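# Chain and residue survey
What follows is the residue order along each chain.
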Amino acid sequence: MPSLKEIPIKFTKVQYRDLVMLAALGNSVMGILGDVMEDKEYKKTSNRFEELESYLLELAEQFDSLDLVEPFMGKTVMDQDYYEGEVRKFIEEYENYVFWHDLEVRMGKRDFERTKTKEEEEYMEKEDGWYPERVHKLYEKYRQEFEAHGI
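Residues numbered from 1 in each chain as written. Predicted model: local features only at pLDDT ≥ 70, side-chain atom pairs only at ≥ 80, totals over all residues. Heavy atoms only, no water.

### Regarding the environment of Asp35
Condition: Helix and strand definitions follow DSSP, with helices as H or I runs of at least four residues and strands as E runs of at least two, each counted in order from the N terminus. Exposure is judged per residue with a 1.4 Å probe applied to protein chains only, and the accessible area is read against the type maximum: over 50% gives exposed, under 20% gives buried, and values in between give partly exposed.
Checked against the element boundaries, Asp35 lands in helix H1 (residues 13-36). Taking relative accessible area as the criterion, Asp35 reaches 58% and is therefore assigned exposed. Here the alpha-carbon distance between Asp35 and Ser46, two residues eleven residues apart in the chain, equals 8.4 Å.

### Topic: the nonpolar core
As a reminder, the rule being used: Only buried Ala, Val, Leu, Ile, Met, Phe, Trp, Tyr and Cys residues count toward a nonpolar core, and they belong to the same one when joined by side-chain atoms within 4.5 Å. The criterion used for residue contact is that any of the two residues' heavy atoms lie within 4.5 Å.
With 16 residues, the main nonpolar core has Tyr16, Val20, Leu68, Met78, Tyr82 and Val87 as its most contacted residues. Looking at this core, the elements with two or more residues in it are H1, helix H2 (40-58) and helix H3 (80-115). For this core, the element with the highest residue contribution is H1, accounting for five residues. Not counting the four nearest positions on each side in its chain, Leu68 is found in contact with Tyr16, Arg17, Val20, Leu57, Val77, Met78, Asp79 and Tyr82. With six residues, the next largest nonpolar core counts Val105, Phe112, Met124 and Val135 among its residues.

Here is the structure:
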C-alpha cells in the first residue's frame, strides 16, 4: 500500500483554477450519483470528492483566486456566480450533447434491429455484438433529422 504521507505539489494559478474546475465538475456528477444510487460506494466517493473540492477551495487565496470562492456558514465554498456561469455551462453543454447523441444512437439501433438481415446477425455474432457499418448511416439519419427539426 502506498504511503499516506503528504507530498507537496506545485501549481500555477491557471493549473489551480483548472483543478478547481475539474473538482467541481466531478463533484457535481458524483454528488448526484451519491444522492440517488443505492450503492453506498457512490455516497462514499461523493463525500471524498466533496472534501477534496472543499480543500482546494480553501487554497484560493494562495493562488490569487478569491473570485472562485465565497463564505457560507463558516466554510469556504465555490462562488455561486462562478458555478452558475462557468461550471454549470459545461455541465449543460455536456448533458445536451449526451441527450442528442443517446437519442440518435437509440433510434438508429432500434431501426437497425427492425431491419437487420441474416448476414448482419451473423456478423454481430462473430464480432461479439458489434454492429455493422450500416448502423452509422442510421445514426447520421437521425442526427440530421434532429439538427433540422429537433425532437
